Structure formats: C-alpha cells, structure tokens
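Fold and geometry: a report
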Amino acid sequence: MTSTVKINELSQILAPIALDFKALDDVIRLRLASKVALIDQISTYIIQAGGKRVRPALLLLVSKALANGKETPHALELAAVVEFIHTATLLHDDVVDESTLRRGRETANAAFGNAASVLVGDFLYSRAFQMMVGPNDLRVMEILSDATNTIAEGEVLQLLNMNDPEVDEESYLRVIRYKTAKLFEASTELGAILAGTDAKQREQSAAFGRHIGTAFQLMDDLLDYTADASQMGKNAGDDLREGKPTLPLIYLLENGSTEERLLVRAAIEQNQDLPDDVFQQILSAVQNSGALDYTQAAAKREVDLALECLKDFPVNEATSALHALCKYSLSRQT
C-alpha cells in the first residue's frame, strides 16, 4: 500500500473555521436540550463521544470559501442540522449492526439499550427538521429532505447486501453514494446556497461533496483492515464480522485464490460470530492480495475528482482548507 502522506492534523486544517466550530458546539448543546431526561442524558453522551464533524465542517468551509469573506447567515444552524442527521443515522446503524464500540467507547445502544437509541435517533431527525425551516428557503428543505430519504434507501440497500457474497463493486459503490456520500453532498451544496452562488457553482460544490464523501467511506473500508480499535474507535474487522461485503473483500472475491474466495464467501454468508483464526486468515489474504492498494486507488480517484470541482473556487484560506481536507482523507489513520 502507498505510504502515508505526512500532513497537518485535522484541527490545523480546520483552523479557518475554528471559531465557527466553537459556536457550533453551543448551537448543538442548545438545540439538543429536551425536557425528557433520558434524551438529555443520551444526547450528552453522544456529544462527549466527540467525532470529526467533517460534514458540518464542509458546509462551513464551502460557504466561507465561496462567500469570500462575506457573512453567511444560518450556516451554524444548518451545520448543526447536518450533524444531527448524521448522528441519528449512527444511532440507528449501531442498533441494526449490533455494534458495541464507536469512537473508542460503548455505543449508545450498548450503554442505554436499543429502544432508547432508536427513539433518540428519531428525536434527532425530528429536531433537524424543526431547524431546517429556519432559513425559510425551499431549496434548503428540499436538499435535506431528499438527502434524508436517500440515506434511508442506502440503509435498506446495505441491509439487502448483508451476507451476500455476490455483491459487485458497482452495487457496493451505489450503497456508499446513497448511505454516506449523500449527506456530504448535501452539506457542500448547502454551503454554496448560503454563499449565494450560481447554479454551476452549486453543482460543482455538490459534486465535490459527493466525491470526497465516497473517498472517506472507501478509506473507512481500508482502515477496517489496517487500524486497531484505539485508532479507529471501533473494533477492527467489524465490517467482515457483520457480513458486509466492502471493497477489499469484493476485490479478494474476484482476484484471490480459490481457497481465499471460498473462505471469504463463507465468512460473508455466516450468521454467527466469526472465529478469530478465520478472521486472521482473511485479514492476511486481504493485506497480501493487493485489495488495500486497490481500495486506496479507488479513493484517490474520488479525491482527484473532488479536487477538480474546486478549480473555480476563489483563492482563500477556506478553499486551501478544502484542498488539505482532500489530502487528509487519503492519509488519515482514524
């Protein structure tokens, strides 16, 4: 696999919106408040878990880059909306996947139970819809409602793909674009709308988000086989153990030896815990087959397309941060 590029930490990359991020934290705390104690408790637990908040960062950076120094009203509120939608999907994901670890700590469903996690996820969705009417802009509501619907379709597509070794690369990329990249795309398109750009710039911004979002998910696929729990904040090999045919496995199914292909097929089809020795065999096969190089190359293609979308952006520190974020997406270890 290609060597890791040495770049600035994410916090340094996001320096142009550091003050906005602090203000965003205040908006999130205020908007998560509820008279129902359990909602407050789980919401606080989620906030304390941290996270990179890449989607709201993209919204803020794109709006700042395209506005070129001008104020963009409603940016913080919509950044919070994007984060609430994302967090709601994580809560529901963890219940569906029966996950126990995220961001280095117990998942909400492990700590509070499945029912509470699903219902607080519903609360986050409904609070997001309350907030998105604030700008009084039909385009904003259309983008976010469409994104939420597409994400739900992606969740169902992924469920259909579970334990299915016949899933090909095209089908898997469709899931990524629905389930993950769509909210990235919505975030960057909203940033363009807030900056008051024309239709072409809005389209380029949306495409940028779609490509960088796809790259982030492809790198997550790769990191599932290269990073440990302390780096990723979740258990290594979770995708395989859950029967998810991600790109490294799809590559191995198409290019591995007969023995490797049979082993991977059986592992994906299994409906019980994967024994550690079997996982280690598959991990070794993935690492020695070229699957990780193939996955990283796919991510790089998406990043190159994302960078192409930035060619008409104004030259300023926010645009520079977007370029740096593209590089970060390929070299991150978490």
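Anyway, here's the lowdown on the structure attached to this text. What you are looking at is a predicted structure, and each value in this text was computed from that prediction instead of being measured.

About the criteria used
- One numbering rule holds for all chains: residues counted from 1, following each sequence as written.
- Reporting in this predicted model follows two pLDDT cut-offs: at least 70 for local features of residues, and 80 or more for side-chain atom pairs to be given and counted; totals over whole chains, interfaces and linings ignore these cut-offs and use all residues.
- Excluding hydrogens and water, the side-chain figures rest on all heavy atoms present in the structure.
- We define the nonpolar core as a collection of buried residues of types Ala, Val, Leu, Ile, Met, Phe, Trp, Tyr and Cys that are connected through side-chain atoms lying within 4.5 Å of one another.
- Here's how the labels work: a residue is buried when its accessible area is under 20% of the maximum for its type, exposed when over 50%, partly exposed in between, all with a 1.4 Å probe on protein chains only.
- Contact criterion: two residues are considered in contact whenever any of their non-hydrogen atoms come within 4.5 Å of each other.
- For Phe, Tyr and Trp, where Trp contributes only its six-membered ring, two rings pair if their centres lie within 6.5 Å, and the inter-plane angle classes them as stacked under 30 degrees, edge-to-face over 60, or tilted in between.
- The numbering of helices and of strands both runs from the N terminus, where a helix is a DSSP run of H or I of at least 4 residues and a strand a run of E of at least 2.
- What counts as an axis is a line fitted to C-alpha atoms, over the stretch in contact for a helix, and the angles between N-to-C directions run from 0 to 180 degrees.
- Roughly parallel here means an angle under 35 degrees, roughly antiparallel means over 145, roughly perpendicular means 65 to 115, and every remaining angle is called oblique.
- Polar contacts, as used here, are pairs of N or O atoms within 3.5 Å; protein pairs need one atom able to donate a hydrogen and one able to accept it. Residues neighboring in sequence count only if both atoms are side-chain atoms.
- By definition here, a salt bridge exists when the distance from a side-chain nitrogen of Lys or Arg to a carboxyl oxygen of Asp or Glu is within 4 Å.
- The distinction between a cavity and a pocket rests on a 1 Å grid over the protein atoms alone: a 1.4 Å probe fits inside a cavity but cannot get out, while a pocket stays open yet meets protein on both sides within 12 Å along at least five of seven lines, and a residue with an atom within 4 Å of a point counts as lining.
- Grid points are joined across faces, edges and corners, and a volume is the space filled by probe spheres set on the points.
- Classification used: nonpolar for Ala, Val, Leu, Ile, Met, Phe, Trp, Tyr, Cys and Pro, charged for Asp, Glu, Lys and Arg, polar for all others including Gly.

1. Observations concerning the nonpolar core
- Within the largest apolar cluster, 101 residues are counted, with the highest numbers of intra-cluster contacts made by Leu-59, Leu-144, Phe-208, Ile-212, Leu-240 and Leu-322.
- If near-sequence neighbours (up to four positions away) are discounted, Phe-208 is found in contact with Leu-58, Thr-188, Ala-306, Cys-309, Leu-310, Leu-322 and Cys-326.

2. A few points about the packing of aromatic side chains
- Under the criterion given, the structure shown has 4 aromatic pairs.
- Both rings, one in Phe-216 and one in Tyr-328, keep their centres 6.3 Å apart while their planes meet at 45°; by these two values the pair is tilted. Of this pair, Phe-216 sits in helix α10 (residues 199–223) while Tyr-328 sits in helix α17 (residues 317–331), placing them 112 residues apart in sequence.
- Of the aromatic side chains, those joined through ring pairs into one cluster are Phe-184, Phe-216 and Tyr-328.

3. A closer look at the packing of helix α13 (residues 247–255) against helix α15 (residues 276–288)
- At a minimum axis separation of 10 Å, α13 and α15 run at an interaxial angle of 80°. In terms of orientation, α13 lies roughly perpendicular with respect to α15. In contact with Pro-248, Leu-249 and Leu-252 of α13, α15 contributes Ile-282, Ala-285 and Val-286.

4. Points about the environment of Lys-311
- The residue Lys-311 is located in the loop between α16 (291–309) and α17 in this model.
- With 107 residues separating them along the chain, Lys-311 and Gln-204 place their C-alpha atoms 9.4 Å apart.
- A distance of 3.2 Å separates polar atoms of two side chains, one belonging to Lys-311 and the other to Glu-308.

5. Let's talk about the pattern of salt bridges
- Counted according to the given criterion, the structure contains 18 salt bridges.
- Taking the shortest distance from any N to any O, the salt bridge between Glu-302 and Arg-177 comes out at 2.8 Å. In this pair, Glu-302 sits in helix α16 while Arg-177 sits in helix α9 (residues 169–194), placing the two residues 125 residues apart along the sequence.
- With relative accessibility at 9%, the residue Glu-302 sits in the buried group.
- With a shortest N-O distance of 3.1 Å, Lys-300 and Asp-304 are connected by a salt bridge. Pair noted here: Lys-300 and Asp-304 are both in helix α16, with a separation of 4 residues, about one helical turn.
- You can call Lys-300 partly exposed: its relative accessible area is 42%.
- Here Asp-304 falls in the partly exposed class, since its relative accessible area comes to 38%.
- In this structure, a network of salt bridges that share partners links the residues Asp-25, Arg-53 and Glu-83.

6. Things to note about empty space enclosed by the protein
- Under the defined criterion, the tally for this structure stands at 2 cavities of 30 Å³ or more.
- Computed from the structure, the largest cavity encloses a volume of approximately 130 Å³.
- As for the largest cavity, its lining consists of 13 residues, and the residues nearest its centre are Ile-46, Ala-49, Asp-94, Arg-102 and Ala-108.
- Put simply, the parts of the chain that give the lining of the largest cavity at least two residues each are α3 (37–48), α5 (75–97) and β2 (105–106).
- Take the lining of the largest cavity: its biggest share by element is 4 residues, from α5.
- Taken together, the residues that form the lining of the largest cavity break down as 6 nonpolar, 2 polar and 5 charged.
- Of the pockets and cavities examined, the second largest cavity occupies roughly 90 Å³.

It is worth stressing that arrangement in space is one thing and function is another; only the former is reported here.
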